[in-house]
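Reading the structure
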Amino acid sequence: MDFSLRRLRADDISQVIDIEREAFSPLWVSTPFKRDIRNRRACYLVAYSGVGPAEAEPQESPPSAEVGQPWRRLAQGLRRLVGGDDQRVNGDSLIAGYVSVWYQQEEAHITEIAVREKFRGKGIGELLLIGSLRAAVEYGSKAMTLEARVSNFIAQRLYEKYLFESVGTRKAYYADNREDAVIMTVYGIDDEDYLERFEELQNAYRSRWGEICIDL
């Protein structure tokens, strides 16, 4: 399944909240997406895939057309409760992940980045990072920073690939287990040298995962 990036839309919010709840602790303070979606100092991007006719959830038949229809509706509801049915009947996109970026002076700060568990390991997190960096450069930022769990070495390696460096620690940052967060920052994202390296990294991504489609 191919994924592209675009700005968060109002009809994406329910899926994004599902991803946020899955990725973060139940004690995590939920993001007010509806309030912030039009904030000029914030950028919310989603990784989405269009749901075609073959992937869309089957339309329900009239009650008289199928004796077992009530059981079918019950089964569909149970699949949604356990996360086994990601397609939404009221939309044409499946949201696999999202990222939120806030701008303050010349620095962009990634506050959340999350991917549905079933789609992890497919390059979506890296695609979200690429989109965040592109958006930050377009906004005029000169640096980008974020936090990562000290135990999340996979995420840290991804950020290091894009030249983020550890610059400090936030003690007991995560509410679920009081785990520390490592603060990671990359400077000079608008410099020619960094942009050249950034393009090389994007080309490597294309070679592995396919074309990068981002609508900012």
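Remember, predicted model here, so these are calculated numbers, not experimental data. (Residues numbered from 1 in each chain as written. Predicted model: local features only at pLDDT ≥ 70, side-chain atom pairs only at ≥ 80, totals over all residues. Heavy atoms only, no water.)

**Here's the deal with the pairing of strand β5 (residues 143-149)**
Our working definition: When a residue's accessible area, from a 1.4 Å probe over protein chains only, is under 20% of the maximum for its type it is buried; when over 50% it is exposed; and in between it is partly exposed. Numbering of helices and strands starts at the N terminus; helices are DSSP runs of H or I of at least 4 residues and strands are runs of E of at least 2. Strand pairing is assigned whenever DSSP detects at least two bridges linking the two strands. Orienting the strands away from the viewer, one traces the path from the first strand over the helix to the second; a clockwise path indicates a right-handed crossover.
Where burial is concerned, most of β5 is hidden: 6 out of the 7 residues are buried. Judged from the 4 bridges that link them, strand β4 (residues 107-115) and β5 form a sheet pairing that is parallel. Across the sheet, Ala108 pairs through a bridge with Met144, a residue of β5. Following the backbone out of β4, through helix α4 (residues 124-139) and into the adjacent parallel β5, one traces a crossover that is right-handed. Where β5 lies against strand β7 (residues 181-187), 7 bridges are found, and the strand directions are antiparallel. Counted as the bridge partner of Thr145 is Thr185 from β7.

**Some words on α4**
How we decide: Expected helix span is taken as 1.5 Å per residue step, with the number of steps being one fewer than the number of residues.
Compared with the 22 Å implied by 1.5 Å per residue over 16 residues, the 22 Å span of α4 between its first and last C-alpha is a close match. Within α4, the full set of buried residues consists of Ile124, Glu126, Leu127, Leu128, Leu129, Ile130, Gly131, Ser132, Leu133, Ala135 and Ala136. Gly140 sits one or two residues past α4 and shows a positive phi near 110 degrees.

**A few points about the nonpolar core**
Put simply, the rule reads: Among buried residues, the Ala, Val, Leu, Ile, Met, Phe, Trp, Tyr and Cys ones that are joined through side-chain atoms within 4.5 Å form a nonpolar core. Here a residue-residue contact requires only that any non-hydrogen atoms of the pair lie within 4.5 Å.
One finds Met144, Tyr159, Tyr162 and Phe164 to be the most contacted residues of the largest nonpolar core, which totals 40 residues. Secondary-structure elements contributing two or more residues to this core are β2 (42-50), β3 (93-104), β4, α4, β5, α5 (153-161), β7 and α6 (192-209). Setting aside chain neighbours within four positions, we find Phe164 in contact with Leu129, Met144, Thr145, Leu146, Tyr159, Met184, Thr185 and Val186. In terms of nonpolar packing, the next biggest core, distinct from the first, is built from 12 residues, Val16, Ile19, Phe24 and Tyr44 among them.

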